[in-house]
There are 2 protein chains.
Amino acid sequence: MKTNSPDPAKLSLNTATTRGKWGLAQAIEGCARHGIRGISPWRDLLHAMGVAKAARAIRAHGLRVTGLCRGGMFPAPTPGGRRRAIADNLRAIDEAHALGAQCLVLVAGGLPARSRDIAAAREQVREGLAKILPHARRAGIPLALEPLHPMYAADRACVNTLAQALDLCDALDPERTGALGVAVDVYHVWWDPLLEAQIRRAGAKRLLAYHICDWLVPTTDLLLDRGMMGDGVIDLQRIRGWMEAANYRGFHEVEIFSAKNWWRRDPDVVLETCRARHQRFG
Amino acid sequence: MKTNSPDPAKLSLNTATTRGKWGLAQAIEGCARHGIRGISPWRDLLHAMGVAKAARAIRAHGLRVTGLCRGGMFPAPTPGGRRRAIADNLRAIDEAHALGAQCLVLVAGGLPARSRDIAAAREQVREGLAKILPHARRAGIPLALEPLHPMYAADRACVNTLAQALDLCDALDPERTGALGVAVDVYHVWWDPLLEAQIRRAGAKRLLAYHICDWLVPTTDLLLDRGMMGDGVIDLQRIRGWMEAANYRGFHEVEIFSAKNWWRRDPDVVLETCRARHQRFG
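Notes on the structure in this doc start here. Since the structure is predicted, the reported quantities are computational estimates derived from the model, not experimental observations. (Residues numbered from 1 in each chain as written. Chains lettered and ligands numbered in written order. Predicted model: local features only at pLDDT ≥ 70, side-chain atom pairs only at ≥ 80, totals over all residues. Heavy atoms only, no water.)

## Focus: the packing of helix H1 (residues 24–34) of chain B against helix H10 (residues 267–281) of chain B
A packed helix pair is summarised by two numbers, namely the angle formed by the two axes and the spacing between the axes. Residues and elements named next belong to chain B. Relative to each other, H1 and H10 sit at 50°, their axes nearing to 10 Å. As summarised for this structure, H1 and H10 are arranged oblique, according to the angle between their axes. The handedness of the crossing between H1 and H10 is right-handed. Two secondary-structure elements touch here, H1 through Gly30, Cys31, Arg33 and His34 and H10 through Asp268, Leu271, Glu272 and Arg275. In the contact of H1 with H10, the residues fall into two nonpolar, two polar and four charged. (Axes fitted to C-alpha atoms, helices over the stretch in contact; angles between N-to-C directions. Helix = DSSP H or I, 4+ residues; strand = E, 2+ residues; numbered from the N terminus. Parallel < 35°, antiparallel > 145°, perpendicular 65-115°, else oblique. Left-handed = near helix turned anticlockwise from the far one by under 90°. Contact = heavy atoms within 4.5 Å. Nonpolar A, V, L, I, M, F, W, Y, C, P; charged D, E, K, R; others polar.)

In structure tokens:
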């Protein structure tokens, strides 16, 4: 059926996929056990394990950290709130550095409480990015701004298309140094009529991460009903083709929020399924 | 609080808002009773009442039909399915003509069954539009293509941004005759960073309908959890300002799918609330 399967060595596990059952230590061991070469931890699991201990375990198993999830969440109703967000992002950069992560994934943040002003929220995101970028450059941690699906515009991320994220990259890193780029998550962008053109526009310098899963029909929950590759309607091979045509050579990170299905299963079965589906549909 | 309330005579009721309790005859009488001057029927309610009878009742009460909902739904897995969709759209155009509707609202349709090819679905939409446009011109019924929120891309509409809808208008009606335009529903487009620019691009000739409601935080259902104006995060006054700056002079049509809240209430209370919220937040 497949003529162009992806390199299995490109598979990475985002720990959101197994968070129903596994902490970070178990996810690291699970990746090693299943021959998955990349891992992308969420910070709450990282903090629970301890950064130094996690870094040691990841190194001991020879895993690549394909990203740290996540920083961002810049907008806040008060200057103090925005300063706290900046401080947290600086810590996240340091954690990414300690892990040797390939990037820090940033989710913009939504509207501040009681605000209807999405343009102002977007301006706060731009300001936040500008404030943390120097620290990220010094640490050698590329910032991967992840546009989120428009259904999250109010409460999670007011950066909602790849074009919008790349406009921010152009504004803040016009020299295209690689310090600021994007994370392309198929779940958020698969519908976008401009997707191919914007992946091409981004180019290898700004394509810092590639996340895969699937869009289920019907989708029963806005947040926690993502599908396993092959169970939905996203043409993953086509999108991977666009990424490769733009010279993206990085990992394919599986990130599945699935409260009612995959989070309830034995994570070893989940990882086996990820490997098989990556080969067949990825 | 408000310095720039909309003209209450611009309010229109989309019958989706009262469909929990009212058929079309009741909605027509309800509009008359509450001083609402426009109505936009859904076709299932129209068929249940009968087109001729509905047209008479609407005329008797002096209501404007601000749109007929809805045609479209062009993609299908087989040529026969696509032909049936065309035939249904031609009937919808005739119904819109019988009602004296200002436009026929079109929802593109999603992916055909078992397809992952959204580009092909979009091409089927373009073909379908091209096939029905001559009949719509003859009938004098403008076609209002409504971009739907990207969360409906798979199962309802693969036209997901105003820019994409306007590209189709440019392709199929390059002379801007007014025969093909767009319906701007704030629920679907409020998040779009290009919204202001695309409303301006559309201009009065192509701005055929304006639908209002609100985006709730949190949103608990992808389809049936829309909010009443003022209960969510959409800056309705700002968007109306953009519509007016583009010389849109039409109605403000309230369309609220709300299975757990507004559909359960007394529709007279719903209409009263629509009037008040339109004044305060619209």
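## Here's the deal with the interface of chain B and chain A
If you look at the interface, chain B gives 32 residues, while chain A gives 32 residues. With both sides pooled, the region where chain B packs onto chain A buries about 2,400 Å², and carbon together with sulfur makes up 66% of that total. A per-residue breakdown of the area chain B buries against chain A is headed by B:Arg116, B:Trp191 and B:Leu222, which together make up 26% of the total. Along the contact surface separating chain B from chain A lie two salt bridges. Across the pair B:Arg238 and A:Asp117 runs a salt bridge, and its minimum N-O distance is 3.5 Å. Where chain B meets chain A, there are eight residue pairs in polar contact (both at pLDDT 80 or more). Considering every element that reaches the side of chain B that touches chain A, the biggest residue donor is helix H5 (residues 118–139) of chain B, with three residues. Considering only residue class, the side of chain B that touches chain A consists of 16 nonpolar, eight polar and eight charged. (Buried area = accessible area lost by both parts, 1.4 Å probe. Salt bridge = Lys/Arg side-chain N within 4 Å of Asp/Glu carboxyl O. Polar contact = N/O pair within 3.5 Å; in protein donor to acceptor, adjacent residues only side chain to side chain.)

## Here we look at the sheet that holds strand S9 (residues 252–254) of chain B
Residue and element names in this part refer to chain B. On the basis of which strands lie adjacent, the open sheet formed by nine strands has the order S3-S2-S1-S9-S8-S7-S6-S5-S4 and parallel pairing. With one partner strand each, in any of the chains shown, strand S3 (64–65) and strand S4 (68–72) form the two edges of the open sheet. Judged from the three bridges that link them, strand S6 (residues 143–145) and strand S7 (residues 180–185) form a sheet pairing that is parallel. What sits directly across from Leu143, in S7, is Leu180. Against the sheet, H1 contacts strand S1 (11–14) and strand S2 (38–40), and its axis sits at roughly 160° relative to S2. Of the strands in this sheet, S6 and S7 are in contact with helix H6 (residues 162–172), which crosses S7 at around 170°. (Pairing = 2+ DSSP bridges.)

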